[in-house]
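# Residue-level structure breakdown
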Amino acid sequence: MVVVFAGSIACATVPPEQQMLADTAAALGGRDRVTAVKTLVLEGEGTLWNLGQDMTMEATGQTFGVTGYRRAMDLGSGRMRVQQTRTPNFLYFQGQAPQTQIFGVDGEVAYTVAANGTAARAGAQAARDRIVEFHHHPLVLVRAALEGQTPVTNLRTEGAEQFVDITPAGGGGPFTLAVDAASHVPTRIRSTSAHPNLGDVVIETRFSEYADESGLKLPRRLEIQTDRFKTAELRLARATVNGDAGEVAAPDAARTAAVPAPAAPSVVAEVVAPGVWLLGGQSHHSALIEFGDHLLLVEAPQSEARALAAIAKARELVPGKPLTQLVTSHHHFDHTAGLRAAIAEGLTVITHQGNVAYFEEAAKRPFTLQPDALAKAARGATVEGVDDERVIEDGRRRVVLYHIDGNPHADTLLMIYLPKERVLIQADAFSPGAAVNPYAASLLSNVRARKLQVDRIVPLHGPIAPFAELVKAVPAS
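Residues numbered from 1 in each chain as written. Predicted model: local features only at pLDDT ≥ 70, side-chain atom pairs only at ≥ 80, totals over all residues. Heavy atoms only, no water.

### Description of the nonpolar core
Grouped together as the largest cluster of nonpolar side chains are 46 residues, with contacts concentrated most on Leu-40, Met-73, Val-142 and Leu-177. Contacts of Leu-177, omitting those with residues within four sequence positions, involve Met-20, Thr-24, Leu-141, Val-142, Gln-162, Phe-163, Val-164, Ile-166, Pro-186, Arg-188 and Ile-189. Among the nonpolar cores identified, the runner-up in size contains 35 residues, and Ala-314, Phe-359, Ala-363 and Val-383 belong to it. (Core = buried A, V, L, I, M, F, W, Y, C linked by side-chain atoms within 4.5 Å. Buried < 20%, exposed > 50% of the residue type's maximum accessible area, 1.4 Å probe, protein only. Contact = heavy atoms within 4.5 Å.)

Take a look at the structure:
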């Protein structure tokens, strides 16, 4: 007699991360429905906040209304194309007319499409940012996590939410998915990124107002935050599953182009007066002022590389005299992207009092993902504030810093006045040659209120111009 022993087969224990993932897929409509999704098109409207460009760093009043929003995604190929029209609710350099934007990502290729249909390849950072945007949707990320080779790790519970970390093959990760611990519906997605001004930041998208979309449960409201700053809110009218996504591949002109390299800093010195130079050469300028025993730099804009190039040019123009001070015109990101580089070089920062707390924080922020000059120098910052007026002078030179009161561009704008030379240095309040100068009236009003005698405007955008050009730019002045 043959005896067959039926051994008990132990059921394999499902890893807790996979169980959470299975529960989440079920909450969205079931694993089969989730994995069957090939394309997803989101349409609606929303709001964009003006991060780093508002009246102060903490202000939230300047926004763009978004209409015609359409984000089309091919989930299998990692392609995404976004089209939207944004309209500013505030005085803006480009005017108040609606601006249509088209941009996307195709694998590692980021691209933009101009109004005339011309496509161009965008930089590597844009590609990374858009891959992150692609994955910041619960259906996209959960579908990616259900693929066999995608790591899903580090299950934990915090309050009423469960979290796991997901690292899709398409890049941009790891992403942290949070779900409601009771319903298993996704509540938010987080990931980290490197920001040129803020350093290591967390990008977070929160989901709410779930609705049925072709048998799937998908959010109709997305709220996006960078670090502690709210940056976008999308209110979706529809989410089309496996419909016609349209053309989402990168246009040939972008696909075949090389990744654009950052512009090499070019600093061209132009003499304004003895011991005073405009440091131009690109869209954003600096200025150099020589005192009897030291040098003062006005503005460290655009990037670390640009700021360091301006500092090098200053030291070349006046060798042997220490460069010790930096005056910033205002807090906007495009004018302070080189702030940390200047601090790394040992410069004392002089700025409007309203910027002091933020600048001190900016100097201490972690820059571990992309270490910059200050992260490597490990130097502390000295930041000095100006309320309404400050005089910097010695036997050779007198310079007066004035707050541009009531300017609708920023609460923290300073103008730099050289009374002997009758020169006024300023940024953004007036850009000679610009098609629109919405902030010029405020600048002119401040100059007249302080009874300043000005012959020439030295702008940090555009060419040096006679004071009459400012007057001409202000109707009925």
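### Details of the side chain of Gln-426
The topology assignment puts Gln-426 in strand S24 (residues 423-426). Take Gln-426: its relative accessible area is 0%, and that puts it in the buried class. Among the polar contacts listed, one links the side chain of Gln-426 to the backbone nitrogen of Ala-429, at a separation of 3.2 Å. Residues in contact with Gln-426, not counting those within four places in the same chain, are Met-415, Leu-443, Ile-457, Val-458, Pro-459 and Leu-460. (Helix = DSSP H or I, 4+ residues; strand = E, 2+ residues; numbered from the N terminus. Polar contact = N/O pair within 3.5 Å; in protein donor to acceptor, adjacent residues only side chain to side chain.)

### Description of the packing of aromatic side chains
Evaluation of the coordinates by the stated rule reveals six aromatic pairs. On the basis of an interplanar angle of 85° and a centroid distance of 5.3 Å, the ring pair of Phe-93 and Tyr-439 is categorised as edge-to-face. Of this pair, Phe-93 sits in the loop between strand S3 (79-88) and strand S4 (99-106) while Tyr-439 sits in the loop between S24 and helix H11 (440-449), and the two are 346 residues apart along the sequence. Directly above the ring of Phe-64 sits Arg-86, whose terminal nitrogen or CZ lies 4.0 Å from the centroid. Its end group placed over the ring of Phe-367, Arg-340 keeps NZ or CZ at 3.7 Å from the ring centre. (Phe/Tyr/Trp six-rings, centres within 6.5 Å; stacked < 30°, edge-to-face > 60°. Lys NZ or Arg CZ within 6 Å of the ring centre and 35° of its normal.)

### Here we look at the pairing of strand S17 (residues 295-298)
Alternating residues of S17 divide into Leu-295 and Leu-297 and Leu-296 and Val-298, and every residue in both groups is buried. Note: strand S16 (residues 286-290) against S17, four bridges, orientation antiparallel. The residue of S17 that forms the bridge with Ala-287 is Val-298. Direction of pairing for S17 relative to strand S18 (residues 323-327): parallel, over a ladder of four bridges. Each bridged residue has a counterpart across the sheet, and for Leu-297 the counterpart in S18 is Leu-326. What joins S17 to S18 is helix H6 (residues 304-317), and the crossover it makes is right-handed. (Pairing = 2+ DSSP bridges. Right-handed = clockwise from strand over helix to strand, strands pointing away.)

### Let's talk about the layout of surface pockets
Considered as a void within the structure, the second largest pocket measures approximately 650 Å³ in volume. The set of elements that each furnish at least two residues to the lining of the second largest pocket consists of helix H3 (124-135), helix H4 (138-145) and strand S10 (186-195). Looking at which element gives the most residues to the lining of the second largest pocket, the answer is H3, with nine residues. (1 Å grid on protein atoms, 1.4 Å probe; cavity = no way out; pocket = protein on both sides within 12 Å on 5 of 7 lines; lining within 4 Å. Points joined across faces, edges and corners; volume = space filled by probe spheres on them.)

Fair warning: the whole summary comes from geometry, so function is off the table for now.
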